[in-house]
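Structural overview for review
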Amino acid sequence: MKKLTIDKVFKLLAKNYPSPQTELKYINSYTFLISVVLSAQSTDISVNKATKKLFKIIKNPQTMIKLGEENLKKYIKKIGLYNSKARNIIKLSKILVNKYNSKIPQKFNDLISLPGVGNKTASVYQNVILKIPRIAVDTHVFRLANRIGITKTATANLTQVKLEKAVPAKWLMEAHHLLILHGRRICKAQKPLCNLCSIQQLCK
């Protein structure tokens, strides 16, 4: 897809979803990172339900360590993969305290070295908290990018590389939010609502 067409795609999406932003609820940069870790293979709605109570008592890595793995599980047990997520969150919190003076590192390679933090989580964190123009690729973004025809890629990581090159710079901050919202509401995995789609004429 040509850059001019990609620009038109995002112009139309931006009209439909003005001021797009994450739907995860958070208090600070630490709680946001925890929310994104929890959101892997889970919905933002289920994460927000769990963190509503959790974030009343947890606001930094020290209080998370004090809570402990078993108690953390009680808050997040309705979220998919909660056992491994609880283990990773406690490990991650200990690393933040011991290695980074309780602060979250800003460099991409430092972020992905944290337990439970992959490319997508690190990219979401950099985009939302650090305001770095990154396109995080979840299942919606991967599906839409390839279905619409912006990219033709086999993996999420490769999709991110291609998108960050193909998408005009002015849309890089909002691109993944726009694609996620469109994927949730219109361009669904099963039975996409093509008759309601504003970018249908541009879609491959």
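Summary of the structure given here.

Reading the values: the criteria
- Residues numbered from 1 in each chain as written.
- Predicted model: local features only at pLDDT ≥ 70, side-chain atom pairs only at ≥ 80, totals over all residues.
- Heavy atoms only, no water.
- Helix = DSSP H or I, 4+ residues; strand = E, 2+ residues; numbered from the N terminus.
- Rg over C-alpha atoms; globule rule 2.2 N^0.38 Å.
- Buried < 20%, exposed > 50% of the residue type's maximum accessible area, 1.4 Å probe, protein only.
- Areas by Shrake-Rupley, 256 points an atom, 1.4 Å probe, with all protein chains shown as cover.
- Lys, Arg positive; Asp, Glu negative; His and termini not counted.
- Charge placed at Lys NZ, Arg CZ, Asp CG, Glu CD.
- Salt bridge = Lys/Arg side-chain N within 4 Å of Asp/Glu carboxyl O.
- 1 Å grid on protein atoms, 1.4 Å probe; cavity = no way out; pocket = protein on both sides within 12 Å on 5 of 7 lines; lining within 4 Å.
- Points joined across faces, edges and corners; volume = space filled by probe spheres on them.
- Nonpolar A, V, L, I, M, F, W, Y, C, P; charged D, E, K, R; others polar.

So, on to the overall build of the protein. Scanning the protein for helices and strands turns up 11 helices and 0 strands. Listing every helix and strand of the protein by position from the N terminus yields α-α-α-α-α-α-α-α-α-α-α. Relative to its length of 204 residues, the protein is compact, with a C-alpha radius of gyration of 18 Å against a globular reference of 17 Å. Counting only residues that meet the buried cut, the protein has 46% of its 204 residues in that class. Total accessible area on the protein is roughly 10900 Å²; 54% of this is exposed by carbon and sulfur atoms. Side-chain charges of the protein comprise 37 positive and 9 negative groups, with the mean position of each set lying 3 Å from the other.

Let us look at the pattern of salt bridges. Going through the model one piece at a time under the given rule, you end up with 8 salt bridges. The partner of Glu23 in a salt bridge is Arg184, with the nearest N and O atoms 2.5 Å apart. One end of the pair, Glu23, is in the loop between α1 (3-16) and α2 (29-39); the other, Arg184, is in helix α11 (residues 175-185), and 161 residues separate them in sequence. A residue is classified by how much of its surface remains accessible, and Glu23, at 32% relative accessible area, is partly exposed. Residue class for Arg184 comes out partly exposed when judged on its relative accessible area of 28%. Residue Glu23 is joined to Arg185 by a salt bridge in which the shortest nitrogen-to-oxygen separation is 3.4 Å. Here Arg185 lies in helix α11 and Glu23 lies in the loop between α1 and α2, a separation of 162 residues in the sequence. Bridged by salt links that share partners, the residues Glu23, Asp44, Arg184 and Arg185 form one connected network.

Next up on the list: the layout of surface pockets. If you add up the space inside the largest pocket, you get close to 560 Å³. For the largest pocket, the lining is made up of 25 residues, of which Ser42, Asp44, Lys120, Asp138 and Arg184 are closest to its centre. Mapped by element, the contributors of at least two residues to the lining of the largest pocket are α2, α3 (44-57), α8 (119-128), α9 (139-148) and α11. Broken down by element, the lining of the largest pocket gets its largest block of residues, 5 residues, from α11. Residue composition of the lining of the largest pocket, by class: 9 nonpolar, 11 polar and 5 charged. Empty space within the second largest pocket amounts to approximately 200 Å³. Forming the walls of the second largest pocket are Lys49, Ala50, Lys53, Lys74, Tyr75, Ile76, Lys77, Lys78 and Ile79.

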